[in-house]
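# Fold and contact review
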Amino acid sequence: MTTFQIQQEILSLKEKNDICILAHSYIAHEITEIADFVGDSYALSVKAASVPNKTVVMCGVRFMAETVKILAPEKRVILSNSSAGCPMAEQMDTDLIKQLQEMNRGFKTVAYINTTAELKTICDVCVTSSSAVKIINAMPEQDILFIPDINLGTYIRRQCPDKNIKLVSGGCPTHCRASLKHVKAAKAAHPDALLLVHPECLPEVWEQADYIGSTSGIMEFAKKSSAKEFIIGTENSIAQHLQFECPDKKFYPLSKDLVCHNMKITTLPEVLLICKGEFGEEIEINEKTRLKAKQCIDKMIECPELGLILDMGMGKSIISLTAIEELMYDYFSIRKVLIIAPLRPALETWPTEILKWNHTKHMTFSVVVGSKEKRLAALAKDADLYIINRENVQWLVEYYKKKWP
Ligand code: 13P
Ligand code: SF4
């Protein structure tokens, strides 16, 4: 069978069997083409909670499939390949972290989402590479124990100078393969290229970067940038996906060794077998573990600092979606939006644009339509969110710039 034939069969089987395919951006391109949703760890977590299908196939690694099961326990959640673990997520166990917590009493434990469900049960809040700085900055506590990635932790520490952050020496074996030597060689070979780096890389690498961010952040930056050449300092599939999406630009992997074998183990023919019910591993998590781990993930998803309230007024005074997208998503990575409007017709002018935005920008929307009281009640509930309309957009930008210069 050809790649195209396999893709067609997957598309019809997933429709017939009510399957949703989620894929992390490190997965092979021929799989991302047939996935219902592709994103970074944060976007996948948010999506997991709202998928309507009975079965969810996670093309990624084990902690990602666990996150889906934790957030959507009523669904059949299939990990695409049972060998796909994440070495970083499995580096530390609860005994070690409990000892560290004992030695650092009064510290809040912040877990990178790349941790097992078991480990999340003893942590206070989860973060991803795209949400970590904002969530930690928004926490009232000063003393933070961050596990397990020392490189991402060092990056967060620099971005949150007011916090007292203790780190442990875990990390991603893939991203650790890139060094300053690779940066120098890549810059010498491509002097006009911008360097875009994932914070899981060593500090000596991201210190040289023009942009530091999550997998989705890197992709969005490259797509929007007016530059034509980019050195990609994360798993090499990102350079490949970008080359497909932006044929007029050039993307160079920072190092040929930036390959995550756990992400590469899932193949397109295997996804076909999964859709036939003949492959993959169904994820089971005991209810006690699930509920405790969920608290930690819920805190991340609910973090008000990730939110934005869009006040549509009567539908006239609103600034364009493109302007909001550029300011809020690209610059500040805001992904949760509450839309308030007095009348349903005000919303009807935009539905297709919003749907497109929702799909491509990995944002989630809630809508409150109704009387002033109803809208005010929604605002009071999410008091830490911000209203955006034509009048206050500039103020909002200044506010965020001060907060995250
Ligand atoms: P993202 O949060 O950027 O998706 O990163 C996940 C990951 O595993 C990176 O190695
Ligand atoms: Fe885990 Fe690193 Fe692979 Fe990401 S790239 S899944 S952190 S091993």
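Above: the structure in question.
Residues numbered from 1 in each chain as written. Chains lettered and ligands numbered in written order. Predicted model: local features only at pLDDT ≥ 70, side-chain atom pairs only at ≥ 80, totals over all residues. Heavy atoms only, no water.

## A short note on the site of ligand 2
Neighbouring ligand 2 are the residues Y26, C86, P87, M88, N114, C172, H175, E200, C260 and M263. The cavity that encloses ligand 2 is the largest cavity. Considered class by class, the residues forming the shell around ligand 2 number 7 nonpolar, 2 polar and 1 charged. (Near = heavy atom within 4 Å. 1 Å grid on protein atoms, 1.4 Å probe; cavity = no way out; pocket = protein on both sides within 12 Å on 5 of 7 lines; lining within 4 Å. Sits in = over half its atoms within 2 Å of the grid points. Nonpolar A, V, L, I, M, F, W, Y, C, P; charged D, E, K, R; others polar.)

## Section: helix 1 (residues 3-16)
With 14 residues, helix 1 should cover 20 Å at 1.5 Å per step; its first-to-last C-alpha distance of 20 Å lies within 8% of that length. Turning to helix 1, the residues buried within the fold contact strand 1 (19-24), helix 2 (29-32) and helix 14 (268-275). Looking one or two residues beyond helix 1, the residue adopting positive phi is D18, at roughly 55°. (Helix = DSSP H or I, 4+ residues; strand = E, 2+ residues; numbered from the N terminus. Expected span 1.5 Å × (residues − 1). Contact = heavy atoms within 4.5 Å.)

## A closer look at the site of ligand 1
Ligand 1 sits among H24, Y26, D40, S41, Y112, N114, S129, H175, H198, E200, S214 and T215. S41 places a main-chain nitrogen or oxygen 2.9 Å from an oxygen atom of ligand 1. At 3.1 Å, a side-chain N or O of N114 approaches an oxygen atom of ligand 1. Compared with its free state, where it exposes 300 Å², ligand 1 has 96% of that area covered by protein. When each cavity is represented as a set of grid points, ligand 1 is found to reside in the largest cavity. (Polar contact = N/O pair within 3.5 Å; in protein donor to acceptor, adjacent residues only side chain to side chain. Areas by Shrake-Rupley, 256 points an atom, 1.4 Å probe, with all protein chains shown as cover.)

## Concerning the pairing of strand 7 (residues 143-147)
Across the 5 residues of strand 7, 4 count as buried, placing the element largely inside the fold. Inspection of the sheet shows strand 5 (residues 108-112) paired to strand 7 by 4 bridges, in the parallel sense. Note on strand 7: the bridge partner recorded for A111 is I147. In this structure, strand 7 lies alongside strand 8 (residues 164-167), joined through 4 bridges in parallel fashion. Paired with F146 across the bridge in strand 8 is L167. A crossover links strand 7 with its parallel partner strand 8, the connecting element being helix 8 (residues 150-159), and its sense is right-handed. (Buried < 20%, exposed > 50% of the residue type's maximum accessible area, 1.4 Å probe, protein only. Pairing = 2+ DSSP bridges. Right-handed = clockwise from strand over helix to strand, strands pointing away.)

## Description of the packing of aromatic side chains
Applying the stated criterion to the full structure yields 3 aromatic pairs. Between the aromatic rings of Y155 and W206, the centroid separation amounts to 5.4 Å while the plane-to-plane angle is 75°, which identifies the pairing as edge-to-face. On the criterion of sequence distance, the pair formed by Y155 in helix 8 and W206 in helix 10 (residues 203-206) is long-range, its members being 51 residues apart. Since its relative accessible area comes to 13%, Y155 is described here as buried. Their ring planes at 15° and their centres at 5.3 Å tell us that F230 and F251 sit as a pair that is stacked. Here F251 lies in strand 12 (residues 250-253) and F230 lies in strand 11 (residues 229-233), a separation of 21 residues in the sequence. Using a relative accessible area of 0% as the deciding quantity, one classes F230 as buried. A residue is classified by how much of its surface remains accessible, and F251, at 7% relative accessible area, is buried. (Phe/Tyr/Trp six-rings, centres within 6.5 Å; stacked < 30°, edge-to-face > 60°.)

## A few points about the nonpolar core
In terms of nonpolar packing, the biggest core is built from 111 residues, with I10, I21, L22, I136, F146, I232 and L254 touching the most fellow members. The element best represented in this core is helix 4 (residues 62-71), accounting for 6 residues. In this structure, F146 is in contact with V110, Y112, V127, I136, L152, G153, I156, I165, K166, L167 and V168, ignoring residues within four places of it in sequence. (Core = buried A, V, L, I, M, F, W, Y, C linked by side-chain atoms within 4.5 Å.)

## Here we look at unusual backbone geometry
For the peptide bond that leads from I147 to P148, omega is -15°, which places it in the cis range. Tracing the backbone through its elements, the reader meets P148 in the loop between strand 7 and helix 8. Residues other than glycine seldom take positive phi values, yet D18 does so here, at roughly 55°. Along the chain, D18 turns up in the loop between helix 1 and strand 1.

## Observations concerning the packing of helix 11 (residues 215-224) against helix 12 (residues 237-245)
How two helices sit against one another is set out by the angle between their axes and by the gap between those axes. Contact pair helix 11 / helix 12: the axes reach a minimum separation of 11 Å and the direction vectors enclose 35°. Crossing geometry of helix 11 relative to helix 12 is assigned as right-handed. Every residue of helix 12 that contacts helix 11 at T215, I218, M219, A222 and K223 is listed here: I238, H241, L242 and E245. Its residues placed into classes, the contact of helix 11 with helix 12 shows 5 nonpolar, 2 polar and 2 charged. (Axes fitted to C-alpha atoms, helices over the stretch in contact; angles between N-to-C directions. Left-handed = near helix turned anticlockwise from the far one by under 90°.)

## Remarks on the side chain of T234
By secondary structure assignment, the location of T234 is in the loop between strand 11 and helix 12. Reaching out from T234, the side chain makes a polar contact with the side chain of Y26 at a distance of 2.7 Å. With residues up to four places along the chain from it excluded, the contact list for T234 reads Y26, H175, H198, T215, I218 and L258.

## A look at the environment of K299
Tracing the backbone shows K299 in helix 15 (residues 287-302). Separated by 173 residues in sequence, K299 and C126 have C-alpha atoms that sit 7.1 Å apart. In contact with K299, not counting residues within four places along its chain, are D124 and V125.

## Side note on empty space enclosed by the protein
Under the definition given, this model contains 2 cavities of 30 Å³ or more. Volume-wise, the second largest cavity comes out at about 50 Å³. Taken together, S41, L44, S45, A48, M58, F63, M64, T67, V68 and I113 form the lining of the second largest cavity. Counting residues per element, the ones that place at least two in the lining of the second largest cavity are helix 3 (41-48) and helix 4. Its residues assigned to classes, the lining of the second largest cavity comprises 7 nonpolar, 3 polar and no charged. (Points joined across faces, edges and corners; volume = space filled by probe spheres on them.)

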